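Results of the structural survey
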Amino acid sequence: MSSLAFAPGPLVLSPDASGLVTEIEAYLATFPAPARVLVPYVCPLGSTVQRWNAGFPQPRLSLLDRLAHRPARPVPVSVADHLRLTSRYLAEVGWVQGALWDHAGRVCLLGAQAAVLAHGYGTPYTVSRARNQVMEVLRLAGLNAASPDVFNDAPGTRQADVHRLLDRASARALSLGI
């Protein structure tokens, strides 16, 4: 009974006291640094980077399309939506001057419109009407360009100018209800 009275309190081992944490940190420091994992950028307001066609349905093959071995019917989009999709496509794949597209996959304004059409959004008539809206915005802004392609390839034009032009043309088309 007296031997129990002389026993110290309960035995407590903490990781810091045993040197275990220091030993583990030294061991982990011998490993090479892990490759940086790319994650989507999240802006401070909480939205994430999205694909250029986010919010629009994918073109779907119907049974008749499959039987006839033809492409899916295009997704109907307004002129304003086509112009927004064109700007978003340019932002995702990159912009180029002097060529429809380059080896890196970047496209010019016309190339972006053709890509949006080729992905099944709108019709050639939609693209034609969208180009008319772009020309109207160029004319109203007093820019002397024979076509949107001439504006795209002008030496002083930057990608931001093309996005601004598409945004204004989209707003104009929206105000016209097209």
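Before reading on, note that the structure itself is shown above.
**Notes on the overall build of the protein chain**
In terms of helices and strands, the protein chain carries nine helices and zero strands. Across the protein chain, helices and strands are ordered from the amino to the carboxyl terminus as α-α-α-α-α-α-α-α-α. Across the 178 residues in the protein chain, those meeting the buried criterion constitute 30%. Summed over all atoms, the accessible surface of the protein chain reaches about 12,300 Å², with 62% contributed by carbon and sulfur.

**Some words on the packing of aromatic side chains**
Per the stated rule, a full pass over the model turns up three aromatic pairs. Arranged with centres 5.1 Å apart and planes meeting at 90 degrees, the rings of W52 and Y89 form a pair that is edge-to-face. Of this pair, W52 sits in the loop between α3 (20–29) and α4 (63–68) while Y89 sits in helix α5 (residues 79–93), and the two are 37 residues apart along the sequence. No difference in accessibility class separates W52 from Y89, as the two residues are buried. When the ring of F56 is compared with that of Y121, the centres are 6.3 Å apart and the planes differ by 75 degrees; the resulting orientation is edge-to-face. With F56 in the loop between α3 and α4 and Y121 in the loop between α6 (109–118) and α7 (124–140), the pair connects residues that are 65 residues apart, well separated along the chain. Aromatic ring contacts, followed pair by pair, group W52, F56, Y89 and Y121 into a single cluster.

**Here we look at the packing of α5 against α7**
The interhelical angle for the contact between α5 and α7, taken along N-to-C directions, is 80 degrees, at an axis separation of 9 Å. The orientation of α5 with respect to α7, classified from their angle, is roughly perpendicular. Residues V79, H82 and L83 of α5 form the contact with α7, whose participating residues are T126, V127, R129, A130, Q133 and V134. Per-class residue counts for the contact of α5 with α7 are five nonpolar, three polar and one charged.

About the criteria used
Every chain begins its residue count from 1, and numbering advances along the sequence as written. For a predicted model such as this one, the threshold for reporting local features is a pLDDT of at least 70, and the threshold for listing and counting side-chain atom pairs is 80 or more; totals across whole chains, interfaces and linings nevertheless cover every residue. Side-chain measures were taken over the full set of non-hydrogen atoms in the model, leaving aside hydrogen atoms and water. By the criteria applied, helices consist of DSSP H or I runs no shorter than four residues and strands consist of E runs no shorter than two, each listed in order from the N terminus. Only protein chains enter the calculation, and the probe is 1.4 Å; a residue is then buried if its accessible area is under 20% of its type maximum, exposed if over 50%, and partly exposed in between. Reported accessibility uses the Shrake-Rupley method at a 1.4 Å probe radius. Residues are deemed covered only where the shown protein chains occlude them. Stacked, edge-to-face and tilted are the three classes for Phe, Tyr and Trp ring pairs, Trp counted by its six-membered ring, which pair at centre distances within 6.5 Å; planes under 30 degrees apart are stacked, over 60 edge-to-face, the rest tilted. Orientation is described by axes fitted as lines to C-alpha atoms, over the contacting stretch for helices, and by angles from 0 to 180 degrees between their N-to-C directions. Angle categories: roughly parallel below 35 degrees, roughly antiparallel above 145, roughly perpendicular from 65 to 115, and oblique for all the rest. Here a residue-residue contact requires only that any non-hydrogen atoms of the pair lie within 4.5 Å. Polar here means any residue other than Ala, Val, Leu, Ile, Met, Phe, Trp, Tyr, Cys and Pro, which are nonpolar, and Asp, Glu, Lys and Arg, which are charged; Gly is therefore polar.

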